[in-house]
Amino acid sequence: MTTSVSSEPVLGVLLSEREKMLLLLALGMCMFLSSLDGSILATALPTISSDLDGFKLLPWVLTLYMLTSTVVVPIVGKLSDMFGRRPFVISGVVIFLIGSLGAGLAPSMLTLIASRGIQGIGGGFILACVLVVMADMYTPIERAKYVAYILAIITAGTLLGPPVGGFFADGPGWRWCFFINIPIGVIALATIWTTLPNTRQGGRISDIDFLGAAVLTTATVAGLLAAGWAYEAYGWGSAITVGLLVAAGVLLVGFIAIEIRHPNAIIPMELFRNRMYVLTGVIAVLSSAVLFSVPIYLPTFIQTSLGASAQMSGLLIMPQAIALVVMSFIAGRVVERTGRFKQLVVVGCALSGLAAFLLQTMGVGDPLWQVAIYMVVFGMGSGLVTPLINVIVQACVRQEDTGVATSSQMYFRQIAGVIGVALFGVLLTTTYSSSFTENLDEEVQAAMPVAVFEELRDDATLSIDAERIAEVRTTFLQAGGSEELFEEALGAQQEAAATANQRLFFISAIGGLILVVLALAFTEIPLRGRTPAPKEGEEQPAAVSASR
């Protein structure tokens, strides 16, 4: 397949400017809820665990949402191409609200987890459709600007989540973390219901690739469980992890074989003959797996090696989000005026890689203001890359393929993000453990009980837990050690944590360099602007029918 440019957006013709703005606002509200739900539980989970007496099941509150939301994205993307966006957007919001109500009323941890799974399905529907509906409303040259709006809303939801979750947990109760979704979701649903027509390509139930969907779902679940459990519980060499990875690999091969033969494949293999689709996919995957794992582990470095509080670590990362939103708007305006994107993506990848390189130069005791400045640079890079990648992938395929192209890229990005975070987590813990052992003075280790040594070696965050570190200190002193030797051990722990994070940042910097090379290989697709709407009496394209 050669690179082609999308045809005139269907909803751009069917909707008035007022209807488009109302619909954009409603879609933004949906994405706000999705991003808010992803971060609001960070501060409320301890309270939820205590109230429902379900500490051992706590990881599943997050894991099941991730699984269900990821699994449905490529399937819904393809089905929306066949049967129209409207039923899937509306179904997604309804399912999300049902899950939110169930989670808010949950009498037990199992009920909460099941409700989170339902929420994830709705969230996956929304994620698969929002950017595709925007592609149906706006031309490629307009999309960069409007994607920036959605990105700003997502960022706002992510930033507001932790403080809102803490407020609800300490005030009216954690259940309001879920109840808050209902009034906002109902308003969004009503707006979507009245403004979004259905544009379908004439698909039939018999056309659905049921076998491919089942195989892809099973492969995705196996792969995500392997990545999550390897990092959190079993390790990468365990029989469970290896078995799940092998199963995911075999199922993936089977999925490809099915898709090659199916006329309505969930992810059409012909997309991979499109050079720009492949390039944008590789950039999206690599940035999610390698580059954008930086903000996940940066707070560990800030708190353990720089001695800042958890609240301060959050404040130091906020400049990244602000810079991301600002640069997204700037990038959108530039693309709208010039129709060019290649140089912006190259600069964005370079800035993100530069920020990672600067972070890897930091060590124990360095000033905190440096982190804030470097995160501004990182946010500027992210703001140039993230929205434009979505615009490019939609512009390089036919309009009727925008759903499956966009959702498949999102799917790959989510999978890569989970695997990247898991692999970086393994690298962080193993590098920390080996560096701590190497940095620890022989005299200190000789005076240290084995249990104390293992606690300090195995947990880089031990020093920021006042209660646990006090217990370890007492054990060390009772065994004959001195305060001076214990402080040396804590110093070795700080240095080891810094070394481990420096290695992560260095790998991210290399990833940024690779992304620059990939972006330089882009072909500058001419992004079209708006063409005149059909005159009265002219027919719409025969392939598309619209209904409310």
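Refer to the structure presented above.
In this report, the structure presented in the accompanying data block is examined. Since the model is a prediction, treat every value here as computed from it, not as a measurement.

1. Examining the overall build of the chain
Move 1: Looking only at helices and strands, the chain features 21 helices and two strands.
Move 2: For 548 residues, the compact-globule formula gives about 24 Å, and the C-alpha radius of gyration of the chain, at 25 Å, lands near that figure.
Move 3: Taking the principal axes of its C-alpha atoms as reference, the chain extends roughly 95 × 50 × 45 Å.
Move 4: Taking all 548 residues of the chain together, 55% fall into the buried category.

2. Observations concerning the side chain of Asp-81
Move 1: Here Asp-81 shows up in helix H4 (residues 58-83).
Move 2: Residue Asp-81 is classed as buried on the basis of its relative accessible area of 6%.
Move 3: Among the polar contacts made by the side chain of Asp-81, one reaches the side chain of Arg-85 at a distance of 2.7 Å.

3. Here we look at the packing of helix H5 (residues 86-105) against helix H6 (residues 109-137)
Move 1: Taken N-terminus to C-terminus, the directions of H5 and H6 make an angle of 155°; their axes are 7 Å apart at the nearest point. Regarding the angle of H5 to H6, the classification is roughly antiparallel. The interaxial crossing formed by H5 with H6 has left-handed handedness. Side by side, H5 and H6 meet where Phe-88, Val-89, Ser-91, Gly-92, Val-93, Ile-95, Phe-96, Gly-99, Ser-100, Gly-102 and Ala-103 of the first sit next to Leu-112, Ser-115, Ile-118, Gln-119, Ile-121, Gly-122, Gly-123, Phe-125, Ile-126, Cys-129 and Val-133 of the second.
Move 2: Of the residues contributing to the contact of H5 with H6, the split by class is 13 nonpolar, nine polar and no charged.

4. Structural notes on a negative patch on the surface
Move 1: Together, Asp-441, Glu-442, Glu-443, Glu-484 and Glu-488 make up a negatively charged patch on the protein surface.
Move 2: Assignment of secondary structure puts Glu-488 in helix H21 (residues 483-520).
Move 3: Given the relative accessible area of 36%, Glu-488 is considered partly exposed.

5. Some thoughts on the nonpolar core
Move 1: Formed by 164 residues in total, the largest nonpolar core has its most connected members in Ile-192 and Phe-522.
Move 2: Excluding residues that lie within four positions of it along the chain, Phe-522 makes contacts with Arg-275, Met-276, Leu-279, Thr-280, Ile-283, Phe-341, Lys-342, Val-345, Ile-389 and Ile-392.

Rules used throughout
- Residues numbered from 1 in each chain as written.
- Predicted model: local features only at pLDDT ≥ 70, side-chain atom pairs only at ≥ 80, totals over all residues.
- Heavy atoms only, no water.
- Helix = DSSP H or I, 4+ residues; strand = E, 2+ residues; numbered from the N terminus.
- Rg over C-alpha atoms; globule rule 2.2 N^0.38 Å.
- Buried < 20%, exposed > 50% of the residue type's maximum accessible area, 1.4 Å probe, protein only.
- Polar contact = N/O pair within 3.5 Å; in protein donor to acceptor, adjacent residues only side chain to side chain.
- Axes fitted to C-alpha atoms, helices over the stretch in contact; angles between N-to-C directions.
- Parallel < 35°, antiparallel > 145°, perpendicular 65-115°, else oblique.
- Left-handed = near helix turned anticlockwise from the far one by under 90°.
- Contact = heavy atoms within 4.5 Å.
- Nonpolar A, V, L, I, M, F, W, Y, C, P; charged D, E, K, R; others polar.
- Patch = residues over 30% accessible without salt bridge, like charges linked within 9 Å, V, L, I, M, F, W, Y side chains within 5 Å.
- Areas by Shrake-Rupley, 256 points an atom, 1.4 Å probe, with all protein chains shown as cover.
- Salt bridge = Lys/Arg side-chain N within 4 Å of Asp/Glu carboxyl O.
- Lys, Arg positive; Asp, Glu negative; His and termini not counted.
- Charge placed at Lys NZ, Arg CZ, Asp CG, Glu CD.
- Core = buried A, V, L, I, M, F, W, Y, C linked by side-chain atoms within 4.5 Å.

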